[in-house]
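# Descriptive analysis of the structure
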Amino acid sequence: MNEFAAELHDVSFRYGNSDEGALHHLNLQIRKGECVLLCGASGCGKTTVTRMLNGLIPHYYEGALEGEISVLGRNLRETAVEDLAGAVGSVFQNPRSQFFCVDTTAEIAFGCENMGLPVKEIQKRIRKAVTDMHIEKLQNRSIFNLSGGEKQKIACAGVSAMQPDLIVLDEPVSNLDLDAIDELRDIIAAWKANGKTIVTAEHRLGWLNGLCDRVLLMEDGRIAKEYTGTAFFSLPDAQLNAMGIRSVMQKKIAPEKKTGLFQIAECSSTDVIELDNFIYSYGKETALHSDRLEIPKGAVIAVVGHNGAGKSTLTKCLCGLQKKFRGTVIMDGKRLKPKDMRRCSYMVMQDVNHQLFAETVLEEVMLGADDSAENQALALLEKMQLLAYKDRHPMALSGGQKQRAAIASALLAGKKLLVFDEPTSGLDFRSMECTAELLRTLGRDMTVLIVTHDPELIERCCTHILHIENGRI
């Protein structure tokens, strides 16, 4: 009987739209019941490995594949993706990419239904997954009304209900708060206790301490180093950071103070932006209720709180993006309505792909500006380290470069308020540090709000913390 859940022999892979290989002569064996962590800087190849384990390579992502891949005794070249569905479960960094239903309970049931399980068995599995993940309040909800972290919980529940032998997770906690991460950790511990094989590609590592049997550090499409879980999580932060890896220490985001906006670093501004009567509901459910709030101009403010606390709702209302919202903002002595806020604010979405429209980076930055602004646009591109890419299509940039292109567009348009939704989601240590430096610099010219669960980012760039729970400051 084969003791390995997955085997990769001399595997190389190059994506069809790339000139460079993603993996180079990789050899890897994963034992049944083993919990393995893949880590390393962005672009090292760990996500490509997860795509091989769940069959997306070679059946979905096109490219040049060499070598042999075996998963649960099946040759991946000869096994269709649908034939792996009941055996391999996947949780992606962006849960929206794996959703097929608009209702949460239907989404949890979707995988089981496609396995052809009896109705009573499906209902039993749904109840167990919901109870194990403590998501009773998320049942029978619209997917579109969930926060990013709540969507990730539904994705995990859907996989848990399928009860696969091999579970592959790609950045599963990138949008989760610390309590939700602890809950996911408990789920993975239960999976492991039941003999499941678990492979996780991750940047935020502390929560995996004590779970992983083996840690593989990847560099340039190869396994550079291999550690036992105990040895890896004993490494000092300085050594991990030098390898482009984040701290393995779990850090609290906010102090024990639970109310108001509090300062954590120097901020020279004395002017404020006033938010009056910020109240918003999704149907009968109140998502946000703040009678009055003052935020300092020129500050870099972390907006924190549990998944579903109202963080994204607050920022969308502040940018005038929520329909039927009637709150007002007072800035520079003027009372602004939502349509006015749309003119002076800009939101950089977590998935910035949704807001890139032009054929070149320069055209993207100049959207809404006339030709006389080209020199200013070029200067901004140089400031954002994008000048060399001015004629490239925006969708051909890396994630961090796309983010900077969106920021340059906002700066050229003269926006006074810039909002980021999870800007370091899925970023390695060095990319996170570069993003923090950029955000800190932006705070000198405009007011910046950052919706985040990332304590390392807050430490490096924020002047204030705004803590939201149950829709209230």
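Here we summarise the structure given alongside this text. Keep in mind that what you see is a predicted model, and the values were worked out from it rather than measured. (Residues numbered from 1 in each chain as written. Predicted model: local features only at pLDDT ≥ 70, side-chain atom pairs only at ≥ 80, totals over all residues. Heavy atoms only, no water.)

### Looking at the overall build of the chain
Quick note on the threshold: Runs of H or I in DSSP of at least four residues are treated as helices and runs of E of at least two as strands, each being numbered from the N terminus. The globule rule is 2.2 Å times the number of residues to the power 0.38, and the radius of gyration it is compared with is taken over C-alpha atoms. The cut-offs for exposure are 20% and 50% of the maximum accessible area for each residue type, with area from a 1.4 Å probe on protein chains only; residues under the lower value are buried, those over the upper are exposed, and the others partly exposed. The method behind every accessible area is Shrake-Rupley, applied with a 1.4 Å probe, and residues are considered shielded solely by the protein chains displayed. Charged-residue counts in this description rest on Lys and Arg as positive and Asp and Glu as negative, His and the chain ends being excluded. To locate a charge, take atom NZ for lysine, CZ for arginine, CG for aspartate or CD for glutamate.
Counting its secondary structure elements, the chain contains 16 helices and 20 strands. The C-alpha radius of gyration computed for the chain amounts to 23 Å, which stays within 12% of the reference 23 Å derived for 473 residues, consistent with globular compactness. Based on the C-alpha atoms only, the size of the chain along its principal axes is roughly 75 × 50 × 40 Å. For the chain, the proportion of its 473 residues judged to be buried stands at 54%. In the structure as shown, the chain presents an accessible area of about 21500 Å², 47% of it carried by carbon and sulfur atoms. Side chains of the chain give 55 positive and 62 negative charges; the mean places of these two sets differ by 6 Å.

### Quick word on the sheet that holds strand S16 (residues 334-336)
Our working definition: Strand pairing is assigned whenever DSSP detects at least two bridges linking the two strands. Here, axes are lines fitted to C-alpha atoms. For helices the fit covers the stretch in contact, and angles between N-to-C directions go from 0 to 180 degrees. Throughout, a contact is declared for two residues whenever any of their heavy atoms are within 4.5 Å.
Overall, antiparallel pairing links the 4 strands, which are arranged S13-S12-S15-S16 in an open sheet. The sheet terminates laterally at strand S13 (285-296) and S16, the two strands that pair on one side only. Put simply, the sheet's adjacent strands are angled 15 degrees from each other on average, direction ignored. Where strand S15 (residues 328-331) and S16 come together, 3 bridges link them in antiparallel fashion. Opposite Val329, over in S16, you have Leu336 as the bridge partner. Sheet contacts for helix H10 (residues 311-318): strand S12 (272-282), S13 and S15; angle to S12, the most-contacted strand, approximately 120 degrees.

### Quick look at empty space enclosed by the protein
Which entries qualify depends on this criterion: Buriedness of a pocket was judged along seven lines, with at least five required to meet protein on both sides within 12 Å; pockets are open sets of points on a 1 Å grid over the protein atoms alone, cavities are sets where a 1.4 Å probe fits but cannot get out, and lining residues have an atom within 4 Å of a point. Grid points are joined across faces, edges and corners, and a volume is the space filled by probe spheres set on the points.
Scanning the entire structure with this criterion turns up 4 cavities of 30 Å³ or more. Estimated volume of the second largest cavity: approximately 70 Å³. The wall of the second largest cavity is formed by 13 residues, among which Ser174, Arg204, Thr424, Ser425 and Asp454 lie closest to the centre.

### Here we look at the state of the cysteines
Note the following rule: Sulfur atoms of two cysteines make up a disulfide when they are within 2.5 Å.
Within this structure, the stated rule accounts for 0 disulfides. Distance from the sulfur of Cys112, which forms no disulfide, to the nearest cysteine sulfur (Cys101) is 12 Å.

### So, the packing of helix H4 (residues 104-114) against helix H5 (residues 119-132)
Test applied: Roughly parallel covers angles under 35 degrees, roughly antiparallel covers those over 145, roughly perpendicular covers 65 to 115, and oblique covers all other angles. Throughout, a crossing is termed right-handed when the near helix is turned clockwise from the far one, and left-handed when it is turned anticlockwise from it by less than a right angle.
Closest axis-to-axis distance for the H4/H5 pair is 10 Å, and the angle between their directions is 125 degrees. The orientation of H4 with respect to H5, classified from their angle, is oblique. Remark: the crossing between H4 and H5 carries right-handed chirality. Contact with H4, carried on its side by Thr105, Ile108, Ala109, Cys112 and Glu113, involves Ile122, Arg125, Ile126 and Val130 of H5 and no other residues of that element.

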